[in-house]
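Letter by letter, the chains look like this.
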Amino acid sequence: MAPSNTFLRSPPYLWGGIASTPSAPPIAACRSHSAPSSTSTVLASAFVPATVSSTPNSTLKPPPENFPLHARKIHSAEWINLLSPDTYSPSSSGSAPSFPGQISPPRSGGVAFSTNNDDGGCNLLSFAGYAEIPPTGVNAPPERFVVNDLWQFTPYQDDSTPWGWTEVKSPLSKENYVPGPRLATALAVFPPTGENTLAVLLGGWDPQIPGTGGVILEDVSVLNVDTMGWSKPISLEENGREATIPGGPTSRHVALPIHICDAEGVEKDMILLHNHRCQNFVQLLSIDTNEKSNENFKANWTTQSTKGECPSSRGLHCAAQIVSSTSKSTKGVVIFGGAAKDGNMSNEAFFLDVSSWTWTKLDCAGKSDNDDSHENDGEGTVGGMPSPRAGACLCPLDENSVLLFGGAEPSEGGLRGLNDVWVLQVDFENGKGQWECLVPSESQSQSNSRPSGRNAATLTRIDPKGLLPECLWKKSLDDSFYILQGGWYPFRHTYNDVFLLRVSPSSS
């Protein structure tokens, strides 16, 4: 059932989204285990222009001293609108591909993820979020409500076969289990092991009855991507009880897979969770995938202590892992931005070295080939670097870099959705970072050649071969490709456009 108009007049969340990463409800609830007790609390934090916590940047800082030459790259980025007829070239038969299917109704605050198939193809899926149905009358508000549907991106086959987003009717387990509706959740994927490829869903927020504040969730759910069946893993620590998140309910958090070697040299695949409670530790989740049954997975949580300068308590942040191109092990995790309980937003970037479990607050600088002074920073930019924001997307790019898109920043008119694209190159040894703006923000742009400003979207890296028409990737196999799904311009409009982002690196 859709929320009442009373609920729509109060901000349900600001959210955050990740590659495959998170989204989140009201900033006011960032640290609490339950939702705000009154609408006024949420309004105060979400609509009053928030203060910002940023790296001091009154003038552009020069590139960090001794920044490694291998990281001094110049990247380029191109948005491709998969719903535009100008995107496609006619095939040999004289016809152009049909447009891909769209997720309906539009939503934001969900999660999306990709996996590799045995045949070398790519699976792309999206789950849950906050849906919006446009108003039916001149003065009528839109209907907004939380969902728990699962969608899959059907690969392109030929000019006449439907492709794109298609709703998946998941087969029910013997317990008839499917995770409930939610947003502000997080999901991470284990690499294929034996007969199973598993996606693990962690917590989130269910608004429930309008005006009640809803419920922050602590459940752990596993999707077997091969069968599309959901199950609840059993905890190895709690005498066979269903696994839950350590410390209790959580939302506006991040979760991502890591591949590490322990002190004995044993390789391990785990999921790292970071939320507002993680100050001198992170939570690590392992899943026993030896069982062939889809309904008997076993989960084990470990609290991993950390050292160094860690992120302050926050939600609505985004995260991405950086992986070695040779060993395929995780070098570390980058966390960017987010907001504190009082609504204070950040543009800080942190790196967690997973070999030593040491946090480093990155000393960042900005770079632009067009403007070395940055005296006229526009929306989304402070001193040549991304502005403080929440609900952005962060994705892996290469073994030294991550890719940032969008988010929401405070402005005089309220929260402003952004559509900028940045690359952060990381010097691990010296704790330095260098930002490079590939696409500046134009949040009010009406061009169909790029997405509008938004937060609470998902940006997911894909292998385009076998998923998209060949004309979109054939000449660009060295580039990186990402699919943008959903998001909203806060409290104004929710999107279900289908954009492909292509990022090309070159040595400077």
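Residues numbered from 1 in each chain as written. Predicted model: local features only at pLDDT ≥ 70, side-chain atom pairs only at ≥ 80, totals over all residues. Heavy atoms only, no water.

Draft legend 1. Examining the side chain of Thr494 more closely. Tracing the sequence through the fold places Thr494 in strand β33 (residues 493-494). A polar contact of 2.7 Å, which involves the side chain of Thr494, links it to the side chain of Glu132. Filtering out sequence-adjacent residues up to four positions away, Thr494 remains in contact with Pro106, Arg107, Ser108, Glu132, Gly487 and Trp488. (Helix = DSSP H or I, 4+ residues; strand = E, 2+ residues; numbered from the N terminus. Polar contact = N/O pair within 3.5 Å; in protein donor to acceptor, adjacent residues only side chain to side chain. Contact = heavy atoms within 4.5 Å.)

Draft legend 2. Spotlight on the nonpolar core. Core analysis: the largest hydrophobic core is formed by 20 residues, its most contacted members being Leu82, Phe153, Trp165, Ile462, Leu468, Leu472 and Leu500. Of all elements in the fold, only β5 (122-133), β6 (143-154), β31 (480-485) and β34 (498-507) reach the threshold of two or more residues within this core. Leave out the neighbours within four places in its chain, and Leu468 touches Leu82, Phe153, Tyr156, Trp163, Ile462, Trp473 and Leu500. (Core = buried A, V, L, I, M, F, W, Y, C linked by side-chain atoms within 4.5 Å. Buried < 20%, exposed > 50% of the residue type's maximum accessible area, 1.4 Å probe, protein only.)

Draft legend 3. Spatial organisation of the side chain of Ser504. Checked against the element boundaries, Ser504 lands in strand β34. Within the structure, the side chain of Ser504 is placed 2.9 Å from the side chain of Asp479, a separation counted as a polar contact. Beyond its immediate sequence surroundings of up to four residues, Ser504 is in contact with Ile74, His75, Ser76 and Asp479.

Draft legend 4. Region of interest: the sheet that holds strand β13 (residues 254-261). Strand order in this open sheet of 5 strands is β12-β16-β15-β14-β13, and the pairing throughout is mixed. Of all the strands in the sheet, just β12 (234-235) and β13 have a single pairing partner and so form its edges. Of the strand pairs in this sheet, β13 and strand β14 (residues 267-274) are connected by 8 bridges, and their pairing is antiparallel. Considered in β14, the bridge of Pro257 is made with Ile271. (Pairing = 2+ DSSP bridges.)

Draft legend 5. Broad picture of the pattern of salt bridges. Overall, the coordinates contain 16 salt bridges when judged by the stated rule. As a salt-bridge pair, Arg314 and Glu348 come within 2.7 Å of each other at their nearest N and O atoms. Here the residue Arg314 occupies a position in the loop between β17 (307-308) and β18 (318-323), and Glu348 occupies one in the loop between β20 (345-346) and β21 (349-353), the gap between them amounting to 34 residues. Accessibility expressed as a relative area gives 11% for Glu348, which makes it buried. Residue Lys465 is joined to Asp463 by a salt bridge in which the shortest nitrogen-to-oxygen separation is 3.1 Å. Accessibility expressed as a relative area gives 38% for Lys465, which makes it partly exposed. Judged by relative accessible area, Asp463 falls into the partly exposed class, the value being 21%. (Salt bridge = Lys/Arg side-chain N within 4 Å of Asp/Glu carboxyl O.)

Draft legend 6. Here's a closer look at the pairing of strand β10 (residues 215-224). Counted residue by residue, β10 has 8 buried out of 10 residues, so it is predominantly covered. Here strand β9 (residues 198-206) runs beside β10; their pairing, made up of 8 bridges, is antiparallel. Following the sheet pairing, Leu198 is matched in β10 by Asn224. Examined bridge by bridge, β10 and strand β11 (residues 229-231) share 3 bridges and lie antiparallel to one another. Looking across to β11, one finds that Val222 is bridged to Ser231. Hairpin connection of β10 to β11: 4 residues between the antiparallel strands, including Met228 at a positive phi of 60 degrees.

Draft legend 7. Inspection of the packing of aromatic side chains at higher detail. Going through the model one piece at a time under the given rule, you end up with 13 aromatic pairs. Arranged with centres 6.5 Å apart and planes meeting at 90 degrees, the rings of Tyr88 and Trp163 form a pair that is edge-to-face. Taken together, the residues span a long stretch of sequence, with Tyr88 in the loop between β2 (73-81) and β3 (107-108) and Trp163 in the loop between β6 and β7 (164-168) at a distance of 75 residues. When the ring of Trp488 is compared with that of Phe491, the centres are 4.9 Å apart and the planes differ by 65 degrees; the resulting orientation is edge-to-face. Three or more aromatic residues joined by ring pairs make a cluster, and in this case those are Tyr88, Phe99, Phe153, Tyr156, Trp163 and Trp165. (Phe/Tyr/Trp six-rings, centres within 6.5 Å; stacked < 30°, edge-to-face > 60°.)

Draft legend 8. Quick look at unusual backbone geometry. Going from Ser104 to Pro105, the amide bond is cis rather than trans, its omega being -5 degrees. Position of Pro105 relative to the elements: it lies in the loop between β2 and β3. In this structure, Met228 is a non-glycine residue whose phi angle is positive, near 60 degrees. With respect to the helices and strands, Met228 occurs in the loop between β10 and β11. Of note in the backbone geometry, Lys328 takes a positive phi value of approximately 65 degrees without being a glycine. Mapped onto the secondary structure, Lys328 falls in the loop between β18 and β19 (330-336).

Draft legend 9. Representation of the sheet that holds β21 in the model. Across the sheet, which stays open at both edges, the 5 strands sit in the order β17-β22-β21-β19-β18 with mixed pairing between neighbours. What marks the edges here is a single partner per strand, and that holds for β17 and β18. Note that β18 and β19 share 6 bridges and pair antiparallel. Counted as the bridge partner of Cys318 is Phe336 from β19.

Draft legend 10. Fine view of the state of the cysteines. One pass over the full model with this rule turns up 0 disulfides. Summary of cysteine pairing: Cys395 is not part of a disulfide, and the nearest cysteine sulfur, belonging to Cys393, is at 6.3 Å. (Disulfide = S-S within 2.5 Å.)

Draft legend 11. Structural detail: the confidence of the model for the protein. Per-residue confidence for the protein gives a mean pLDDT of 81; residues scoring 70 or more make up 78%. Low pLDDT, under 50, characterises residues 1-63; the predicted model gives this stretch 199 contacts beyond four residues in sequence or across chains. Confidence over residues 368-375 falls short of pLDDT 50; this stretch has 7 contacts with residues more than four positions distant or in other chains. (pLDDT = per-residue confidence, 0-100.)

Draft legend 12. Fine view of the environment of Pro464. In this fold, Pro464 is placed in the loop between β30 (458-462) and β31. Pro464 sits 17 residues away from Phe481 along the chain, and the two C-alpha atoms are 6.9 Å apart. Those residues in contact with Pro464, other than ones at most four positions away along the chain, are Trp473 and Phe481.

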